[in-house]
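The residues making up each chain are set out below.
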Amino acid sequence: MKLFIDTANLEDIRKAYRIGVLSGVTTNPSLVAKEGVKFEDRIAEILQAVPEVESVSAEVTPDAVTAEEMIAQANELIKINNNDKNITIKLPMTLAGLEACRYLSRKGVKTNVTLIFTVNQALLAARAGATYVSPFLGRLDDISEDGVQLVTRVAELFRVHNLDTQIIAASVRHPDHVTRVALAGAHIATVPFSVIEQLVKHPLTDQGLEKFAADWKKAIQ
Ligand code: G3P
C-alpha cells in the first residue's frame, strides 16, 4: 500500500517527502481553507514541492455544481503547473461529478471521486473511469459504522470485476486504520502528517534508544 499525505500544509508535505514515504498528496476545500492561502497558488506550490509523486489531488470547489462547471474548473486546475501530469481532479460523488469524471477520464486526466461511503458509489465511480476513489473511513466510524469494512468490500468488488480504479482510504485517523486498510486491500492510504509521526513511533523504540544512549556513555571512547 502506498501513502499519500492528506493536507494542504506545505511544511508537512515537504517533511513527508524528505523521508521518502510519499507517493501523492490529497487536498480538499476544508484543508485548503485551514491554510489561509489562495487555492491555485497552494496547488502550484505543492506540485513543485513533490515532483516525484504520482498524484496531487485538487478538488473542484463547492460552487461548481454542474458537470460543465466542474470541467471548466478542472481545465483551469490542469494548467496551474504547465499541464503537470500529476494533477488529479478531485470530484464529488454526485451525478454531475460522475459526468465530469467520465469526460475528464476520457481526456486522459487523472480523477479522484471523493466522499465515497458505499460500495455502490465506488462501483459507479469506477465505471465512470475514476483513477481513484476515496472512501472516508473515519467519518463512517464516527457514526458507528465500519469504515475499514467498506474498504474491504470495495477492494473485493474491484478484484472480482477486474476494475483498475485505485482505492485511496481517506479520513484516516490513527495508525490502526493504516494497518487495517493495508490488509483490507487499499492501494493507498492518505493520512495527515500527525499519523505519519505516529506510525514511526513505538514506546519500545524510544526505550531502546534511551538505553543505547545511557550505555554508550559507559563505553570506552
Ligand atoms: O481525506 C479526507 C479527509 O480530509 C477527511 O478527513 O478527518 O475530516 O474525516 P476527516
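Each remark here, short or long, concerns the structure printed above.
Every chain is numbered independently, its residues counted from 1 as its sequence is written. Totals for whole chains, interfaces and linings use all residues, but because this is a predicted model, local features are given only for residues with pLDDT of at least 70 and pairs of side-chain atoms are given and counted only at 80 or more. Side-chain measures were taken over the full set of non-hydrogen atoms in the model, leaving aside hydrogen atoms and water.

Draft legend 1. Spotlight on the pattern of salt bridges. For salt bridges, the criterion is a side-chain nitrogen of Lys or Arg within 4 Å of an Asp or Glu carboxyl oxygen. One pass over the structure, following the stated rule, counts 14 salt bridges. Lysine 38 is the partner of glutamate 40 in a salt bridge, and the nearest nitrogen-oxygen pair spans 3.8 Å. For each residue, the accessible area found with a 1.4 Å probe, counting protein chains only, is set against the maximum for its type, and the residue is called buried under 20%, exposed over 50%, and partly exposed in between. When its relative accessible area of 52% is taken as the criterion, lysine 38 is described as exposed. Aspartate 215 is the partner of lysine 218 in a salt bridge, and the nearest nitrogen-oxygen pair spans 3.4 Å. Of the two residues, lysine 218 and aspartate 215 both sit in helix H11 (residues 203–218), three residues apart, roughly one turn of that helix. Residue lysine 218 is classed as exposed on the basis of its relative accessible area of 67%. Judged by its relative accessible area of 29%, aspartate 215 falls in the partly exposed class. Taken together, the shared-partner salt bridges in this structure form one network comprising Glu35, Arg42 and Glu45. A run of DSSP states H or I qualifies as a helix once it reaches four residues; a run of E qualifies as a strand once it reaches two. Both are numbered from the N-terminal end.

Draft legend 2. Summary view of the site of the ligand. Summary of the distance rule: residues count as near a molecule or strand when at least one heavy atom falls within 4 Å of that molecule or strand. Neighbouring the ligand are the residues Asp6, Asn28, Leu31, Phe136, Arg139, Ala170, Ser171, Arg173 and Thr190. In the environment of the ligand, an oxygen atom lies 2.7 Å from a nitrogen or oxygen atom belonging to the side chain of aspartate 6. Pairs of N or O atoms are called polar contacts if they sit within 3.5 Å, as long as, within protein, a hydrogen donor faces a hydrogen acceptor (for residues adjacent in sequence, only side-chain-to-side-chain pairs). Side-chain polar atom of arginine 173 to an oxygen atom of the ligand: 2.9 Å apart, as the coordinates give it. To be clear on the numbers: accessible area is Shrake-Rupley with a 1.4 Å probe, and residue cover counts the displayed protein chains and nothing else. Relative to its free-state accessible area of 310 Å², the ligand is covered by the protein chains to the extent of 80%.

Draft legend 3. Just the sheet that holds strand S4 (residues 87–92), in detail. Strands qualify as paired when DSSP identifies two bridges or more between them. Taken together, the eight strands give a closed barrel; going around it, the order is S1-S2-S3-S4-S5-S6-S7-S8, and neighbouring strands pair in parallel fashion. Taking the axes of each pair of neighbouring strands and ignoring which way they run, one obtains an average angle of 25 degrees across the sheet. Sheet analysis places strand S1 (residues 2–6) next to strand S2 (residues 22–26), joined by four bridges and oriented parallel. Following the sheet pairing, isoleucine 5 is matched in S2 by valine 25. Whenever a helix is involved, its axis is fitted only over the stretch in contact; in every case the axis is a line through C-alpha atoms, and angles between N-to-C directions fall within 0 to 180 degrees.

Draft legend 4. Up close: the packing of aromatic side chains. Side-chain rings of Phe, Tyr and Trp (the six-membered ring for Trp) are treated as a pair once their centres are within 6.5 Å; stacked means planes under 30 degrees apart, edge-to-face means over 60, and tilted covers the remaining angles. Summed over all chains, the structure comprises two aromatic pairs. Pairing phenylalanine 4 with tyrosine 132 gives two aromatic rings, centres 6.0 Å apart and planes at 75 degrees, and the pair type is edge-to-face. In this pair, phenylalanine 4 is assigned in strand S1 and tyrosine 132 in strand S6 (residues 132–135), connecting sequence segments 128 residues apart. Each of the two residues, phenylalanine 4 as well as tyrosine 132, counts as buried. A centroid spacing of 5.8 Å and a plane angle of 65 degrees characterise the contact between phenylalanine 117 and phenylalanine 136, whose relative ring orientation is edge-to-face. Pair noted here: phenylalanine 117 is in the loop between strand S5 (110–116) and helix H6 (119–127) and phenylalanine 136 is in the loop between S6 and helix H7 (137–142), with a separation of 19 residues, a long-range link. Exposure remark for phenylalanine 117: the relative accessible area of 27% places this residue in the partly exposed category. Overall, the relative accessible area of 7% leaves phenylalanine 136 in the buried class.

Draft legend 5. Molecular detail of unusual backbone geometry. At asparagine 82, a residue that is not glycine, the phi angle is positive and equals roughly 55 degrees. Mapped onto the elements of the fold, asparagine 82 is located in the loop between helix H4 (67–79) and S4.

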